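Here is what each chain is made of, one letter per residue.
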Amino acid sequence: MLTAATINRVVGAALEEDTPWGDLTSTALLPADATATADLVAREPGVFSGGEVFATAFALTDPTLTTDVHVGDGDEFSPGDVLASVSGSARGILTAERVALNFTQRMSGIATLTAGYVRQVDGTKARIADTRKTTPGLRAFERHAVVSGGGHNHRYSLSDAVMAKDNHLAVLQRSGADLAAALRAAFARLPHTTHVVVEVDRLDQIAAVLDGGAHTVLLDNFSLDDLRAGVALIGDRAQVEASGGVDLGTVRSIAETGVDVISVGALTHSARALDLGLDVRID
């Protein structure tokens, strides 16, 4: 969850990184009493995310600045739309400009890409979810942007759910452990509220996962035929998640196999920043 405390901490660190000894250009060139109004303008269509982050960059730089965000996170916009405005000290506006834009462009890019995936699966029961393939330190920002785009968040961290992946299963196999028995033993140690997900890459692994009581079976890099077979085999005994080989061209076909969740690492690791600009208004 993206909290005010997290925003202040991360944006504050970004401002410190960008102005370790102040903004030499604005201080040397601009009169101390110069004022300005600048608009956040869309150069291309998209879905907005990061309004509070944008405003915080200016507030932390100069608390006398006034920022008005004109759209909500999750709102669609068109080229030329004014998404936010900031007014006050010209030095403050130009000092915070790049940090404010970097976050908002990145978050809006993720929201826009996510919305594209969500549109592709419309009419199916599949939900689009993100993964832990996020930029270190920016997970809360990027995952908030996924939700802005209509997607859903997977487990937030390693502490939030059990998710046994291929390497976990390889270690179990090497140690001679039975997967179903290992899962049942894990359940005996875990709080009753803990969700358990197990990733498989072959149909013949599913039976042991179901016998062990997993809540979700993640079918990784399955063909469409094998996805359909996996959905039929699992039935209502567990939730079915698909991952691997997912892009805008394949996600619809994957959703139509009947899976419940499609996790897409590209939402956060491959989204490009949207083209948004901060234009000083000449009245």
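Residues numbered from 1 in each chain as written. Predicted model: local features only at pLDDT ≥ 70, side-chain atom pairs only at ≥ 80, totals over all residues. Heavy atoms only, no water.

Trainee: Tell me about the overall build of the protein, and name the residues and values.
Mentor: Each helix and strand in the protein was counted, giving 11 helices and 12 strands. Summarising its shape, the C-alpha atoms of the protein cover approximately 70 × 35 × 25 Å along the three principal directions. Here the protein holds 283 residues, and the buried ones make up 46% of them. Sequence separation of at least 24 residues holds for 72% of the intrachain contacts in the protein that already meet a minimum separation of 6. When the accessible surface of the protein is summed, it comes to about 13,900 Å², and 52% of that surface belongs to carbon and sulfur atoms. Counting 23 positive and 36 negative side-chain charges, the protein places the averaged centre of each group 8 Å from the other. (Helix = DSSP H or I, 4+ residues; strand = E, 2+ residues; numbered from the N terminus. Buried < 20%, exposed > 50% of the residue type's maximum accessible area, 1.4 Å probe, protein only. Contact = heavy atoms within 4.5 Å. Areas by Shrake-Rupley, 256 points an atom, 1.4 Å probe, with all protein chains shown as cover. Lys, Arg positive; Asp, Glu negative; His and termini not counted. Charge placed at Lys NZ, Arg CZ, Asp CG, Glu CD.)

Trainee: Give a description of the sheet that holds strand E8 (residues 196–200) that names residues and reports values.
Mentor: Pairing within the open sheet is parallel, and its six strands lie in the order E6-E11-E10-E9-E8-E7. Strand pairing shows two members of the sheet lacking a second neighbour, strand E6 (127–129) and strand E7 (162–164), which therefore form its edges. Going across the sheet, the axis of each strand differs from the next one's by a mean of 25°, ignoring polarity. Where E8 meets strand E9 (residues 216–220), four bridges bridge the pair, whose relative direction is parallel. Of the residues in E9, the one forming a bridge with Val-198 is Val-217. (Pairing = 2+ DSSP bridges. Axes fitted to C-alpha atoms, helices over the stretch in contact; angles between N-to-C directions.)

Trainee: Could you give an account of the pattern of salt bridges, with specific residues and numbers?
Mentor: Counted by the stated rule, this structure contains 12 salt bridges. The closest approach of N and O atoms between Arg-281 and Asp-39, which form a salt bridge, is 2.7 Å. Within this pair, whereas Arg-281 is found in the segment after strand E12 (276–280), its partner Asp-39 is found in strand E1 (residues 35–42), the two being separated by 242 residues in sequence. Overall, Asp-39 belongs to the buried group, its relative accessible area being 10%. With a closest N to O distance of 2.8 Å, Arg-43 and Asp-279 form a salt bridge. Here the residue Arg-43 occupies a position in the loop between E1 and strand E2 (46–47), and Asp-279 occupies one in strand E12, the gap between them amounting to 236 residues. Take Arg-43: its relative accessible area is 39%, and that puts it in the partly exposed class. Note on Asp-279: relative accessible area 29%, which makes it partly exposed. (Salt bridge = Lys/Arg side-chain N within 4 Å of Asp/Glu carboxyl O.)

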